[in-house]
Amino acid sequence: MKLLPLLPPLPRLPGPRMSSALLGATALELAVLVGHLIVYPFGLTPERRPPHPRPTRPAHTGAHGPDGGETAPRATTTRGEAAPHAATALPLAADDDAPPVVLLHGFIDNRSAFVVLRRALTRHGRRHLESLNYSPLTRDIRAAADLLGLHVEEICARTGHSRVDIVGHSLGGLIARYYVQRLGGDRRVRTLVTLGTPHGGTAVAPGAGIHPIVRQMRGGSSVIEELRTPARDCRTRFVSFWSELDQVMVPVETACVDHPDLDAVNVRVTGIGHLALPVHPTVAAAILEALDAPEAGEDTATATGSSTGATSAA
């Protein structure tokens, strides 16, 4: 079993009864919902990214960049020729070594869902943050994952990094997992953090008869079954946060990554529900711990066999 180091605990609600915990979590969900409705309009438009020369890293003699992946295709075209304006690229500063973090929201949401988490990442020194919006009219997780791949390639080309980290809430985590596991995205994604994502499919799927992408989140869908297929040599590490009070995940354990081929840690969260996962400060601190954790190749210990494990935030 693999444990996430130094995971900060969530404070327990007073009283041992689940009814009081559920009441408190529901009140918090309503508060989060009201706050989110206020900021929602500000996230409808895509982020503005000022044009600037693409930063590059100093030359390395090895085949792998300092953030663990393949050397980024900086200053080269798709055929490998030297780019004509490579000399104008700016070098990356020392504090830019951390991979960019891509934030991917859930169903019928937008980038405003990550206002609090984005602020926490910025305070922690993460300079390359990308909040992506996908259309609520998107009808297929596979198509959304393919579009995510295009965004990731553009981010790598623009920042000079060879890999990124992704944080996905709910459906956003499922889109990112499909990209990593089925479309070769493990070449680009170092760490995938999911928050309340229906990895095993959920029985609660409001609007399933209307929206096809909601049907794909149900247990037994073709997308969920594809994610059960072998994923040998997948290079991405997974950290999934799930809560026993998440009323959208039925059963709640469906938000865990359960796959023998994947390097996964499942983090149990207590006392909060589905909407609070991206905004709770203790969850944000645990996400930072996950993103800062060294990759398997950087650890002194050598892991053998399946590395799917579980830990708890309480």
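Because the structure is predicted, anything quoted here is derived from the model rather than measured. (Residues numbered from 1 in each chain as written. Predicted model: local features only at pLDDT ≥ 70, side-chain atom pairs only at ≥ 80, totals over all residues. Heavy atoms only, no water.)

**A closer look at the confidence of the model for the protein chain**
Here's step 1: For the protein chain, the average pLDDT comes to 77, and 68% of its residues sit at 70 or higher.
Here's step 2: At the level of individual helices and strands, the protein chain shows its lowest average pLDDT in strand S7 (residues 309-312), which scores 58, and its highest in strand S4 (residues 189-195), which scores 98.
Here's step 3: A low-confidence stretch, residues 12-16 stays under pLDDT 50, and its non-local contacts, those more than four residues away or across chains, total five contacts.
Here's step 4: Residue range residues 299-308 is modelled with pLDDT below 50. Its contacts to residues more than four positions away, or to other chains, number 11 contacts. (pLDDT = per-residue confidence, 0-100. Helix = DSSP H or I, 4+ residues; strand = E, 2+ residues; numbered from the N terminus. Contact = heavy atoms within 4.5 Å.)

**Structural notes on the pairing of strand S6 (residues 263-269)**
Here's step 1: In terms of burial, S6 is largely enclosed, as six of its seven residues are buried.
Here's step 2: Both strand S5 (residues 237-243) and S6 contribute to a ladder of seven bridges, which runs parallel. Within the sheet, the bridge partner assigned to Trp242 lies in S6 and is Arg268. (Buried < 20%, exposed > 50% of the residue type's maximum accessible area, 1.4 Å probe, protein only. Pairing = 2+ DSSP bridges.)

**Some thoughts on the packing of helix H3 (residues 141-159) against helix H4 (residues 171-182)**
Here's step 1: Between H3 and H4, the shortest axis-to-axis distance is 8 Å and the interhelical angle comes to 75°. Classified by the interaxial angle, the pair formed by H3 and H4 is roughly perpendicular. Here Ile141, Arg142, Ala144, Ala145, Leu148, Gly149 and Val152 of H3 come into contact with H4, specifically with Leu171, Leu174, Ile175, Ala176, Tyr178 and Tyr179. (Axes fitted to C-alpha atoms, helices over the stretch in contact; angles between N-to-C directions. Parallel < 35°, antiparallel > 145°, perpendicular 65-115°, else oblique.)

**Some words on the packing of helix H2 (residues 115-123) against helix H7 (residues 281-292)**
Here's step 1: Contact geometry of H2 with H7 gives a least axis separation of 10 Å together with a crossing angle of 50°. Taken together, H2 and H7 sit at an angle that is classed as oblique. For the element pair H2 and H7, the recorded crossing hand is right-handed. Between H2 and H7, the residues in contact are Leu117, Ala120 and Leu121 and Ala284, Ile287, Leu288 and Leu291, respectively.
Here's step 2: Here the residues of the contact of H2 with H7 are counted per class, giving seven nonpolar, no polar and no charged. (Left-handed = near helix turned anticlockwise from the far one by under 90°. Nonpolar A, V, L, I, M, F, W, Y, C, P; charged D, E, K, R; others polar.)

**Quick look at H3**
Since the α-helix turns once every 3.6 residues, residues separated by three or four places project in the same direction.
Here's step 1: Helix length check: H3, at 19 residues, gives a terminal C-alpha distance of 26 Å against a target of 27 Å (1.5 Å per residue), a fit within 8%.
Here's step 2: Tucked into the core, H3 has its buried residues touching strand S1 (101-104), strand S2 (129-132), strand S3 (164-169), H4, helix H5 (212-215) and helix H6 (222-226).
Here's step 3: Two residues or fewer past H3, Gly160 is found with a positive phi of approximately 85°. (Expected span 1.5 Å × (residues − 1).)

**With respect to a nonpolar patch on the surface**
Here's step 1: There is a patch of nonpolar side chains on the surface, built from Leu30, Leu33, Leu37 and Leu275 and spanning about 350 Å² of accessible area.
Here's step 2: Within the element layout of this structure, Leu275 appears in the loop between S6 and H7. (Patch = residues over 30% accessible without salt bridge, like charges linked within 9 Å, V, L, I, M, F, W, Y side chains within 5 Å. Areas by Shrake-Rupley, 256 points an atom, 1.4 Å probe, with all protein chains shown as cover. Salt bridge = Lys/Arg side-chain N within 4 Å of Asp/Glu carboxyl O.)

**Digging into the pattern of salt bridges**
Here's step 1: Taken as a whole, this structure holds 12 salt bridges when the rule is applied.
Here's step 2: Taking the shortest distance from any N to any O, the salt bridge between Asp292 and Arg126 comes out at 3.5 Å. Here the residue Asp292 occupies a position in helix H7, and Arg126 occupies one in the loop between H2 and S2, the gap between them amounting to 166 residues.
Here's step 3: Its relative accessible area of 44% is what places Asp292 among the partly exposed residues.
Here's step 4: Taking the shortest distance from any N to any O, the salt bridge between Glu154 and Arg158 comes out at 2.7 Å. Of the two residues, Glu154 and Arg158 are both situated in helix H3; the distance of four residues between them amounts to about one turn of the helix.
Here's step 5: Taking relative accessible area as the criterion, Glu154 reaches 35% and is therefore assigned partly exposed.
Here's step 6: Classification of Arg158 by relative accessible area gives buried; the value is 17%.
Here's step 7: In the salt-bridge network here, residues are joined through shared partners; they are Arg126, Asp165, Arg190 and Asp292.

**Some thoughts on the environment of Ala293**
Here's step 1: Following the sequence through the fold, Ala293 ends up in the loop between H7 and S7.
Here's step 2: Accessibility expressed as a relative area gives 13% for Ala293, which makes it buried.
Here's step 3: Remark: the alpha-carbon pair of Ala293 and Thr191, spanning 102 residues in sequence, is separated by 9.6 Å.
Here's step 4: Among all residues touching Ala293, those that are not within four sequence positions of it are Arg190 and Arg237.

**Side note on the environment of Val102**
Here's step 1: Checked against the element boundaries, Val102 lands in strand S1.
Here's step 2: Between the C-alpha atom of Val102 and that of Leu148, which follows or precedes it by 46 residues, the distance is 9.7 Å.
Here's step 3: Those residues within four positions of Val102 in sequence are excluded, and the remaining contacts are Glu130, Leu132, Leu148, Ile155, Val164, Asp165, Ile166 and Val167.

**Quick notes on the nonpolar core**
When a protein is soluble and globular, its nonpolar side chains tend to lie buried together.
Here's step 1: Counting residues in hydrophobic clusters, the biggest one holds 34 residues, and the most contacted among them are Ile141, Leu148, Val164, Ile166, Leu171, Ile175 and Phe238.
Here's step 2: Of all the secondary structure elements, the ones that give two or more residues to this core are S1, H3, S3, H4, S4, H5 and H6.
Here's step 3: Look past the residues within four positions of Ile141 in its chain and what remains in contact with it is Leu171, Leu174, Ile175, Tyr178, Ile213, Gln216, Met217 and Val223.
Here's step 4: If you look at the next biggest cluster of nonpolar residues, it comprises 27 residues, including Val32, Val167, Val193 and Ile287. (Core = buried A, V, L, I, M, F, W, Y, C linked by side-chain atoms within 4.5 Å.)

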